[in-house]
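Each chain, letter by letter, is given below.
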Amino acid sequence: MTLTPTRAVDVRVRRLTTTLYGYSFLEEFVLLYPVYALLFSDAGLSVWQISSLFALWSVTAVVLEVPSGAWADAVSRRLLLVVGPLLTGAGFALWVLVPSYAAFAAGFVLWGTGGALSSGALEALVYDEMERGGVSDRYARVLGRARAAGLVAVMAAMGLAGPVLAWGGHAAVGAASVLVCALASVTASRFPEHRVAGGVREGWTAALRGGLREARRDRSVRGALLLVPAVAAVWGALDEYAPLLVREAGVGDAVVPGVLLVIWGGATAGSLLAGEGERFGTGGLAVLVGGGGVALAVGALAGTVVGLLLVAVAFGAFQAATVLAEARLQHRIEATGRATLTSVAGLGTELVTLTVFAGYAVVASGHGHGAAFAVAAVPYAVLAVGLAVVRCRGAGAEV
């Protein structure tokens, strides 16, 4: 049977999106995520040693984020998506086989490297393939579903990690995590890639220069680059402190995971609805960010379980806004430097996140977690006003 051109495009797009959803799920379905701090503690590490591992992980991501994006523009993006999970899995294997500070440190470097290889390359590959099929206008909807698949995987890992740990200890949790990484790598090999890696002859440094040159030349690209960390970084950092906020609201430790599932359910809903929000433009994004900020502040200061439902609503709004900001960036980038500039946005998010961590510690130490979450809502109020002003001036296309 001969496929019509439209039918052939639909088949290619379906293969791309199915692979993306599977890859996004497997990337996050890692049973070690909820319990690796326990593994470190059981190995005798102090709090300061554990904190230093987290810092090493962040530094690795910061250092490699942009170079890896430029490399993805210079070589096969699919290849990097295949290699990334293998490096992460190797790091997890080290943790379980040789549980020591040195092995944990090496594992975090491998994990950070694997994550950096995937960051930028995934979004660039998917957008270019959708643009090739003439369906790039669906990108926000597809990206939102992919993010939702990842969040569902996180929640599933939270639910399964405890029973698996009780059954087989850290060895069983680690083995399952390594297996999932291997499956993610195999899944990545199914990504279609028709792009010719034009930067191969000149090297990744040329790809890096080309991407940064586009950002300097195009004001709309610069604005979109700044918008991604402005939306994504703050609530992404708050995610790490959500269990402490839940406990402060009077929830018993045994019930904390269940409440966290509700909060992440809100974020998942935001991912699924993100595609619908794209048609509302800059004004709609301003309402989404501002409304999320209000819900976050009110919910966090309430100090009750009902207030935590508002936090779930806020996380849903911020997740949707993050997807829309990322889609806006992809729409503005020319294909040649797509992975490079996506990684630049990722670097900005990492740096702002580190700043949020420091500020959160200052506020929470003196005033509690509810107050710290409420203060974190202020940047979203400022951003919402800025977006509204741009919208009123009729310059939404330049944000």
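### Examining the overall build of the chain
Working step 1: Within the chain, the regular secondary structure consists of 16 helices and zero strands.
Working step 2: Restricting the contact set of the chain to residue pairs at least 6 apart, pairs at least 24 apart contribute 83%.
Working step 3: When the accessible surface of the chain is totalled, it reaches about 17,300 Å², and 67% of it is carbon and sulfur.

### Observations regarding the packing of helix 6 (residues 121–132) against helix 14 (residues 338–367)
Working step 1: Viewed as axis vectors pointing N to C, helix 6 and helix 14 meet at an angle of 135 degrees, and their least axial separation amounts to 8 Å. It follows from the interaxial angle that helix 6 and helix 14 lie oblique. Considering the relative orientation of helix 6 and helix 14, their crossing is right-handed. Contact residues: Ala121, Glu123, Ala124, Tyr127, Asp128 and Glu131 in helix 6; Arg338, Ala339 and Thr342 in helix 14.
Working step 2: Here the residues of the contact of helix 6 with helix 14 sort into four nonpolar, one polar and four charged.

### Describing the nonpolar core
Working step 1: Residues Phe40, Trp95, Val126, Phe191, Leu296, Phe315 and Phe373 are the most contacted members of the largest nonpolar core, which totals 113 residues.
Working step 2: Looking at this core, the element that brings in the most residues is helix 7 (residues 139–188), giving 15 residues.
Working step 3: When residues no more than four places from it in sequence are discounted, the contact partners of Phe191 are Leu16, Thr19, Leu20, Tyr23, Arg78, Leu81, Leu122, Leu125 and Val126.

### Focus on a nonpolar patch on the surface
Working step 1: A cluster of nonpolar side chains, Val294, Val298, Leu310 and Val313, forms an exposed patch at the surface whose accessible area comes to about 330 Å².
Working step 2: Looking at the secondary structure, you find Leu310 in helix 13 (residues 305–332).
Working step 3: Take Leu310: its relative accessible area is 34%, and that puts it in the partly exposed class.

### Focus: the environment of Ala90
Working step 1: With respect to the helices and strands, Ala90 occurs in helix 4 (residues 77–97).
Working step 2: For Ala90, a relative accessible area of 34% gives the class partly exposed.

### Concerning helix 12 (residues 281–302)
Working step 1: Compared with an ideal rise of 1.5 Å per residue, which puts 22 residues at 32 Å, helix 12 spans 32 Å between its outermost C-alpha atoms and is within 8% of the ideal.
Working step 2: Thr282, Leu285, Ala286, Val289, Gly290, Gly292, Gly293, Ala295, Leu296, Ala297, Gly299 and Ala300 are the residues of helix 12 that are buried.
Working step 3: Considering only its buried residues, helix 12 is in contact with helix 9 (219–238), helix 10 (242–248), helix 13, helix 15 (369–376) and helix 16 (378–392).

### A short note on the pattern of salt bridges
Working step 1: Taken as a whole and assessed by the stated rule, the structure comprises six salt bridges.
Working step 2: Of the charged contacts in the structure, one is a salt bridge between Asp128 and Arg77, with a shortest N-O distance of 2.5 Å. Placement of the pair is Asp128 in helix 6 and Arg77 in helix 4, with a sequence separation of 51 residues.
Working step 3: Using a relative accessible area of 11% as the deciding quantity, one classes Asp128 as buried.
Working step 4: Arg338 serves as the salt-bridge partner of Asp128, at 2.8 Å between the closest nitrogen and oxygen. Residue Asp128 is found in helix 6, and its partner Arg338 is found in helix 14; the two are separated by 210 residues along the sequence.
Working step 5: Relative accessible area serves as the criterion here: at 0%, Arg338 is assigned to the buried category.
Working step 6: Several salt bridges share partner residues, and in doing so they unite Asp73, Arg77, Asp128, Glu131 and Arg338 into one network.

### A closer look at the packing of aromatic side chains
Working step 1: Applying the stated criterion across every chain, the model contains 26 aromatic pairs.
Working step 2: Taking 5.3 Å as the distance between ring centres and 10 degrees as the angle between the ring planes, the aromatic pair formed by Tyr33 and Trp111 counts as stacked. Taken together, the residues Tyr33 in the loop between helix 1 (5–28) and helix 2 (36–42) and Trp111 in helix 5 (residues 101–118) connect sequence positions 78 residues apart.
Working step 3: Plain terms: the ring middles of Phe92 and Trp111 are 5.1 Å apart, the flat faces sit at 75 degrees to each other, and that makes the pair edge-to-face. Here Phe92, found in helix 4, pairs with Trp111, found in helix 5; they are 19 residues apart in sequence, far enough to count as distant.
Working step 4: Taking the relative accessible area as the measure of exposure, Trp111 reaches 8% and is therefore buried.
Working step 5: Taken together, Tyr33, Tyr36, Phe40, Trp57, Phe92, Trp95, Phe104, Phe108 and Trp111 form an aromatic cluster joined through their ring pairs.

### Topic: the confidence of the model for the chain
Working step 1: The pLDDT averaged across the chain works out to 86; a share of 89% of its residues lies at or above 70.
Working step 2: The lowest-confidence element of the chain is helix 8 (residues 204–217), averaging 62 in pLDDT; the highest-confidence one is helix 4, averaging 96.
Working step 3: Confidence drops under pLDDT 50 across residues 395–399; counting only partners more than four residues distant or on other chains, this segment forms 18 contacts.

### Focus: helix 5
Working step 1: Here helix 5 spans 26 Å end to end across 18 residues, near enough to the 26 Å set by a 1.5 Å rise per residue.
Working step 2: What helix 5 keeps buried is the set Ala103, Phe104, Ala105, Gly107, Phe108, Trp111, Gly112, Gly114, Ala116, Leu117 and Ser118.
Working step 3: Looking one or two residues beyond helix 5, the residue adopting positive phi is Gly120, at roughly 90 degrees.

### Notes on the side chain of Arg338
Working step 1: Polar contacts involving the side chain of Arg338 include one to the main-chain carbonyl oxygen of Ile333, which spans 3.1 Å.
Working step 2: Setting aside its immediate chain neighbours within four residues, Arg338 contacts Asp73, Arg77, Ala124, Tyr127, Asp128, Glu131, Gln330 and Ile333.

### Comments concerning the packing of helix 4 against helix 7
Working step 1: Their axes nearest at 8 Å, the elements helix 4 and helix 7 cross at an angle of 170 degrees. As summarised for this structure, helix 4 and helix 7 are arranged roughly antiparallel, according to the angle between their axes. Facing Arg78, Leu81, Val82, Pro85, Leu86, Thr88, Gly89, Phe92, Ala93 and Val96 of helix 4, the residues of helix 7 in contact are His170, Ala171, Gly174, Ser177, Val178, Cys181, Ala184, Ser185 and Ala188.
Working step 2: Here the contact of helix 4 with helix 7 is composed, by residue class, of 12 nonpolar, six polar and one charged.

The rules behind the values
Residues numbered from 1 in each chain as written. Predicted model: local features only at pLDDT ≥ 70, side-chain atom pairs only at ≥ 80, totals over all residues. Heavy atoms only, no water. Helix = DSSP H or I, 4+ residues; strand = E, 2+ residues; numbered from the N terminus. Contact = heavy atoms within 4.5 Å. Areas by Shrake-Rupley, 256 points an atom, 1.4 Å probe, with all protein chains shown as cover. Axes fitted to C-alpha atoms, helices over the stretch in contact; angles between N-to-C directions. Parallel < 35°, antiparallel > 145°, perpendicular 65-115°, else oblique. Left-handed = near helix turned anticlockwise from the far one by under 90°. Nonpolar A, V, L, I, M, F, W, Y, C, P; charged D, E, K, R; others polar. Core = buried A, V, L, I, M, F, W, Y, C linked by side-chain atoms within 4.5 Å. Buried < 20%, exposed > 50% of the residue type's maximum accessible area, 1.4 Å probe, protein only. Patch = residues over 30% accessible without salt bridge, like charges linked within 9 Å, V, L, I, M, F, W, Y side chains within 5 Å. Salt bridge = Lys/Arg side-chain N within 4 Å of Asp/Glu carboxyl O. Expected span 1.5 Å × (residues − 1). Phe/Tyr/Trp six-rings, centres within 6.5 Å; stacked < 30°, edge-to-face > 60°. pLDDT = per-residue confidence, 0-100. Polar contact = N/O pair within 3.5 Å; in protein donor to acceptor, adjacent residues only side chain to side chain.

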